[in-house]
Each structure stands twice: as structure tokens, then as C-alpha cells.
Amino acid sequence: MGSSGFSPVLSSTLITLLLVCSTSYGAPTHHPNKRIHIHHRVSSHNYKEALTKSILFFEGQRSGKLPRTQRMKWRGNSGLSDGSAANVNLVGGYYDAGDNVKFGFPMAFTTTMLSWSVIEFGGMMKGELPHAKQAIRWATDYLLKATAKPDTIYVQVGDANRDHACWERPEDMDTTRTVYKIDRNTPGSEVAGETAAALAAASMVFRKSNPSYSKLLLSRAMRVFHFADTYRGSYSSGGLRNVVCPFYCSFSGYQDELLWAAGWLHKATKLPSYLSYVKSNARNLGADEYDNIFGWDNKHAGARILLSRSFLLSKISDFEDFKDHSDNFVCSIIPGVPSYSSQYTPGGLLFKLKEYNLQYVTSTSFLLLTYAKYLALSGKSVECGGSVIRAGKLRSIAKRQVDYLLGENPLNMSYMVGYGKKYPQRIHHRGSSLPSVRVHPSRIPCSSGFQMMYSQSPNPNVLVGAVVGGPDQGDRFPDQRNDYDHSEPATYINAPLVGTLAYLAHIFGQI
Ligand SMILES: *[C@@H]1O[C@H](CO)[C@@H](O)[C@H](O)[C@H]1NC(C)=O
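Residues numbered from 1 in each chain as written. Predicted model: local features only at pLDDT ≥ 70, side-chain atom pairs only at ≥ 80, totals over all residues. Heavy atoms only, no water.

- As annotated in an unreviewed UniProt entry, the protein is Endoglucanase from Linum trigynum.
- On record in UniProt, under Sequence similarities (unreviewed entry), the comment for the protein is "Belongs to the glycosyl hydrolase 9 (cellulase E) family." (UniProt positions renumbered as here; feature names shortened; annotations may be inferred.)

Given below as C-alpha cells:
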């Protein structure tokens, strides 16, 4: 650990003390010198650098016309006529992962989580805050286009089966850019609900810096939520089933998104109608369902933590149940408590699912830090079957997960590309793995890219900040390009990490 010469035992004691004692969130601390003194000794990772890179990654995922301020220079313009198949403008937005499809469902979730990161920890981001807001705006500008027509949302551009049959740079893309939408006859309450949540959360991010943009986002969020709730149905069981499945098929139904979206609308508008919506619908929307996997599909755990804030900090007693549900979620993660039910790898990584596991590590770490914040500010703790768990314990678990991700693991491998001495070299990402358009301007057609896909050479373009799916349950990581479950990055893996890293960079005095 670092070069302090401290014994590991002493260092971890200090970390625990630090995490337990800290209750300040961007507010001036009472003992600034003491804090910094301790921080310099115990921080073994450069969380500030990781934060910068985690945001930079989003520039590599951009679709559309790149601005002059683009820092990820190996990328170029792409998808400039997206939407033309339906006579609408759908230029912009993000590619979700290593392919060139624009999937509305994960894009909206990414936007919600980036916004939540800024809402909770933006005050700690300093010079990174403008970059984080730009990353959000790249998505919200697109979501505004996708929701411009009432009771209609364009939820996908590109045919995933056709796209996946090619290995080509987004700049060369020549597969059909079919446009898919939901409307009154083809509902999709999970994607509509998540889009409403994203717009509402983002409206809070821009409230002070750009009030008119914020108002537009919020009024759109309200309209989209009304559509999601009025025309109920799942986009993955209706007419779009063969389009969105098996890619971003919703397995958890749309109830979780309706609850989550209503929670965000309540937070953003403070209107009593959303409060009563949550109150009267919570049970039939599955609020007390036992599920602790938080990701692009299932929003229950996130909704609980979000709504617990209203009880803990705004004293809305109707929401007390959400504190209990949040406690249940947290208790399932803490080794040794009676209701503990999670799996960790031998190296200490929270292991939820075999595919893209790090998305659950980043989302869970974010929820732990956010809940710790609410608990600390309200002077409350978590009850786990008789044991009292304090905010500091939640923070130290989150820190340990981030430290694993950044390289404190049996392979000494950083799972963030471009961070640390050893990181994935062959990520499953078309743009990163093929020569840049700046170096090789002539087209690389659809099928010839597969040569690169199956080669052992490292990716020529470093997709700085990308966090990949991560190791398996034995802490192993083959670093093979065709192994997408472990080697593919995704925007929703990074989004919750942005807030988490801001907190750690702040608390360790790096920012
Ligand atoms: C990881 O780093 C530690 C400490 O420097 C070292 O002892 C160990 O051999 C390394 N493991 C691998 C797989 O490189």
C-alpha cells in the first residue's frame, strides 16, 4: 500500500477511522490539516486520476458530430443521418458498449446514474464537474430528440443482429440504421419510465447552471412519465421483442422503472401528485420485492435508496418502509450479518452475475456511498438482524470494491483501461480495436474487421477510462477480445463509478 511505510494493519485502521468519521460532503471540514495528513499516508490509488478517466471514457462512446472540445482524439463523426429512416433527427447520443447500436434503455439508465452521481457528489468534483455535465448533456440532448413527439419514444437506432455481424468502426458504419419506436399501440413502460427518470434527474443537474434547459428536461420528464404510466406494457414482450431481445430485454418488468421514475419526479418537482403516486402504487409496483441486483434492468434497489432519502432527510413518514427495504439491501451485502446473502470472489470482489459483473460492483458501491451519506446526515444506522451497521462500514465496503477494480486484486490488474500499470489490452470494442480514422482514413469494410477481432495484438486506440465486464468468480481475466462478458466496456458500468470516485478523491484529499 503506497510508500508510507505503514503496516497494513495500521493503515486499514486509519482508513476505517477516516471513513467512519467523515460526514462532510463538500462542506468545509473542521480539521483540514489533519485530514490531509492522514489521507496522504493511506490512499494507495489516485482516485482523482481515475475520476478524470471515468468521465473521459464517455467521449469514446459518442455518436454524432463531435465538437471541437472532443478530447478522445482517435474518434471521428458517425451516425450523421441517424433517424432519417423515420424522417426524424436522431443524431447524437451514445453507443452503449463495444458495438455501434444506440439502445435507448441502457442509455437512459446511464444518464440517470451519471446525473445521480453529480447530484450526490458533484460538489466534490471540482474541475471535473463541467466534464461530468457535458457527459450528461450528450445523452439528454439525444433523449430530448427521441421524445420530441408526444406519446412516442424512439428507443433504438440500428439493428443489433446486423450490427453484430460486422466488426467495423462507428465512423465506417454501413449497416442499416433502422429506427424503432414505442407509442400508444406499442408501449414500453420500462424504457419510457427510465427515460422519464433520466430527464428528471438531469433536470436537477442543470437547475442552477442552465435553468431553461433544466425546465425543458423536467417538463419532458413529466410528459414521458405520464405516457409510460398510461400506456402500460413491456417493450420486450410486444412488437419490439425480436429487436431488443436478447440485447436489452427487460426481465424485471416495467414496475420497477415506474416506481423509480416516480421517485425521481418527486425529487425533482416536489409535487404532491408524485408522492401520492408512490404511496398508492408502491406495493403493486413491487417495492417490497426481494431483489438486490441493481443495474440497467432492475431498479428496485436504487428506488429504495432514493426514496429512503425522503424519509431520512425530508421526514416524509409515509416512506419509512423504504428505509427498511434499503437496510435489507445493504444487509445482504455485508459479510457476517445474519441476512448476508452475497457472493465474493476469493480476492474480495462482490460477485453478482457471470456476465458484466463489474456493472453491479460499481452500481452497488454507489448505492452504499449514497445511503451512507443519507444515514450520516440523518444520524441513523442500518439494522441487520440485531447488529447495528454504521455509515462508515458501508463506505469501507465501497472503497474496497473500487480498490479491487483499480488493481488491488490477485492479478494486480486494473479493470479501468488506461489506469495503472496493467490493464486490459484487448477490450471488446470495435472502435478501440481497429485503427483510428485519423491514422487509417480509408474504409475498413464490415467483415474484414473480424481479423482484428480475433487477433492477439493489443487494441491500437486506448479507450481511456473504460471499465470492462471484469474478472470471473475465481478472479481470473483472460483478456480476450471475443470474451465480451469480461472484456467489453459499457456506459452503465462507468456511470455510477463517476460519483463513487468523486467521493473517494475528495475524502482522500486528492481533489
Ligand atoms: C501482485 O503484486 C504483488 C505485490 O507487489 C506480488 O507479490 C504478486 O506476485 C503480484 N501478482 C501478480 C499475479 O502479478
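From this point, things continue past the structure.
## Quick notes on the UniProt feature "active site" (unreviewed entry) in the protein
Stage number 1. The UniProt record annotates "active site" (unreviewed entry) at His428, Asp479 and Glu488. Considering the C-alpha atoms alone, the annotated residues occupy 61 residues of sequence yet fold into one spot, their largest mutual distance being 9.9 Å.
Stage number 2. Relative to the helices and strands, Asp479 resides in the loop between helix H17 (450-453) and helix H18 (484-487).
Stage number 3. Not counting the four nearest positions on each side in its chain, Asp479 is found in contact with Pro424, Gln425, Arg426 and Ser487.
Stage number 4. On the secondary structure map, Glu488 appears in the loop between H18 and helix H19 (491-507).
Stage number 5. Leaving out residues up to four positions away in the same chain, Glu488 has contacts with Ala97, Gly98, Asp99, Tyr356, His428, Val467, Val468, Gly469, Asp483 and Ile493. (Helix = DSSP H or I, 4+ residues; strand = E, 2+ residues; numbered from the N terminus. Contact = heavy atoms within 4.5 Å.)

## A closer look at the sheet that holds strand E3 (residues 179-183)
Consider a sheet: its strands pair through backbone hydrogen bonds, and that pairing is either parallel or antiparallel.
Stage number 1. Sheet architecture is open: three strands sit in the order E1-E2-E3, paired in antiparallel fashion. Where the open sheet ends on each side, the last strands, each with one partner, are strand E1 (102-103) and E3.
Stage number 2. Sheet topology note: the strand E2 (residues 152-157)/E3 ladder contains five bridges and is antiparallel. Counterpart to Ile153 in the pairing with E3 is Ile182. (Pairing = 2+ DSSP bridges.)

## Observations concerning the packing of aromatic side chains
The description of two aromatic rings rests on the distance between their centres and on the angle between their planes.
Stage number 1. With the rule as written, the count across this model stands at 26 aromatic pairs.
Stage number 2. Both rings, one in Tyr47 and one in Phe508, keep their centres 5.5 Å apart while their planes meet at 40°; by these two values the pair is tilted. You can see Tyr47 sitting in helix H3 (residues 47-60) and its partner Phe508 sitting in the segment after H19, a full 461 residues away along the chain. This pair shows no difference in class: Tyr47 is buried, exactly as Phe508 is.
Stage number 3. Relative to Tyr274, the ring of Phe225 has its centre 5.9 Å away and its plane inclined at 70°; by these criteria the two rings are edge-to-face. In this pair, Phe225 sits in helix H8 (residues 211-230) while Tyr274 sits in helix H11 (residues 272-281), placing the two residues 49 residues apart along the sequence. For the pair shown, Phe225 and Tyr274 are each scored as buried.
Stage number 4. Above the face of the Tyr213 ring, Arg137 is positioned so that its terminal group lies 3.7 Å from the ring centre. (Phe/Tyr/Trp six-rings, centres within 6.5 Å; stacked < 30°, edge-to-face > 60°. Buried < 20%, exposed > 50% of the residue type's maximum accessible area, 1.4 Å probe, protein only. Lys NZ or Arg CZ within 6 Å of the ring centre and 35° of its normal.)

## Considering unusual backbone geometry
A negative phi holds for most residues other than glycine; trans holds for most peptide bonds.
Stage number 1. Here Cys245 and Pro246 are connected by a cis peptide whose omega angle stands at 5°.
Stage number 2. Within the chain, Lys126 stands out as a residue other than glycine whose phi angle is a positive 50°.
Stage number 3. Structurally, Lys126 is set in the loop between helix H4 (104-121) and helix H5 (129-146).

## Here we look at the environment of Asp475
Stage number 1. By the element assignment, Asp475 lies in the loop between H17 and H18.
Stage number 2. Accessibility expressed as a relative area gives 4% for Asp475, which makes it buried.
Stage number 3. Taking the C-alpha atoms as reference points, Asp475 and Ser363, separated by 112 residues in sequence, lie 19 Å from one another.
Stage number 4. Not counting the four nearest positions on each side in its chain, Asp475 is found in contact with Thr345, Pro346, Gly347, Tyr404, Pro410, Leu411 and Tyr415.
Stage number 5. A polar contact of 2.6 Å, which involves the side chain of Asp475, links it to the side chain of Thr345. (Polar contact = N/O pair within 3.5 Å; in protein donor to acceptor, adjacent residues only side chain to side chain.)

## Some thoughts on the side chain of Asp327
Stage number 1. One can find Asp327 in helix H13 (residues 320-331).
Stage number 2. In this structure the side chain of Asp327 is engaged in a polar contact, spanning 2.7 Å, whose partner is the side chain of Lys323.
Stage number 3. Setting aside its immediate chain neighbours within four residues, Asp327 contacts Tyr371, Ser381, Val382 and Glu383.

## Notes on the nonpolar core
Stage number 1. With 155 residues, the main nonpolar core has Trp116, Trp260 and Leu394 as its most contacted residues.
Stage number 2. What Trp116 contacts, discounting residues up to four positions off in sequence, is Trp260, Trp264, Gly302, Ile305, Leu306, Phe366, Leu367, Thr370 and Tyr374. (Core = buried A, V, L, I, M, F, W, Y, C linked by side-chain atoms within 4.5 Å.)

## Here we look at the pairing of E2
Stage number 1. Extensive coverage of E2 is indicated by the burial of six of its six residues.
Stage number 2. Note: E1 against E2, two bridges, orientation antiparallel. Within E2, the residue paired with Lys102 across the bridge is Val157.

## Regarding the state of the cysteines
Stage number 1. Counted according to the given criterion, the structure contains three disulfides.
Stage number 2. Here Cys166 connects covalently by a disulfide to Cys446, the sulfurs 2.0 Å from one another. With the S-S bond torsion at -95°, the cross-link from Cys166 to Cys446 turns out left-handed. With Cys166 in the loop between helix H6 (160-164) and E3 and Cys446 in the loop between helix H16 (430-433) and H17, this pair connects stretches of sequence that are 280 residues apart.
Stage number 3. Disulfide partner of Cys245: Cys249, at an S-S distance of 2.1 Å. Its torsion about the S-S bond being 75°, the disulfide of Cys245 and Cys249 is classed as right-handed.
Stage number 4. Across the protein, the way the bonded cysteines pair up, counted in sequence order, is 1-6, 2-3, 4-5. (Disulfide = S-S within 2.5 Å.)

## Let's talk about H8
Given 3.6 residues per helical turn, the α-helix brings residues three or four places apart onto the same face.
Stage number 1. Along its 20 residues, H8 runs 28 Å from first to last C-alpha, staying within 8% of the 28 Å computed at 1.5 Å per residue.
Stage number 2. Those residues of H8 that fall on the buried side of the exposure criterion are Tyr213, Ser214, Leu217, Leu218, Arg220, Ala221, Val224, Phe225, Phe227 and Ala228.
Stage number 3. Packed against the buried residues of H8 are H5, E2, E3, helix H7 (189-205), helix H10 (255-269) and H11. (Expected span 1.5 Å × (residues − 1).)

## A word on the pattern of salt bridges
Stage number 1. Going through the model one piece at a time under the given rule, you end up with 20 salt bridges.
Stage number 2. One network of salt bridges, in which partners are shared, links Asp82, Lys102 and Arg177. (Salt bridge = Lys/Arg side-chain N within 4 Å of Asp/Glu carboxyl O.)

## What about the packing of H7 against H8?
Stage number 1. Two numbers describe how H7 lies on H8: the axes approach to 8 Å, and their chain directions differ by 160°. Relative to H8, H7 is oriented roughly antiparallel. The crossing of H7 and H8 is left-handed. Only Ser214, Leu217, Leu218, Arg220, Ala221, Val224, Phe225, Phe227 and Ala228 of H8 make contact with H7, whose side of the interface consists of Ser189, Ala192, Gly193, Thr195, Ala196, Leu199, Ala200, Ala202 and Ser203.
Stage number 2. Within the contact of H7 with H8, the residues separate by chemical class into 12 nonpolar, five polar and one charged. (Axes fitted to C-alpha atoms, helices over the stretch in contact; angles between N-to-C directions. Parallel < 35°, antiparallel > 145°, perpendicular 65-115°, else oblique. Left-handed = near helix turned anticlockwise from the far one by under 90°. Nonpolar A, V, L, I, M, F, W, Y, C, P; charged D, E, K, R; others polar.)

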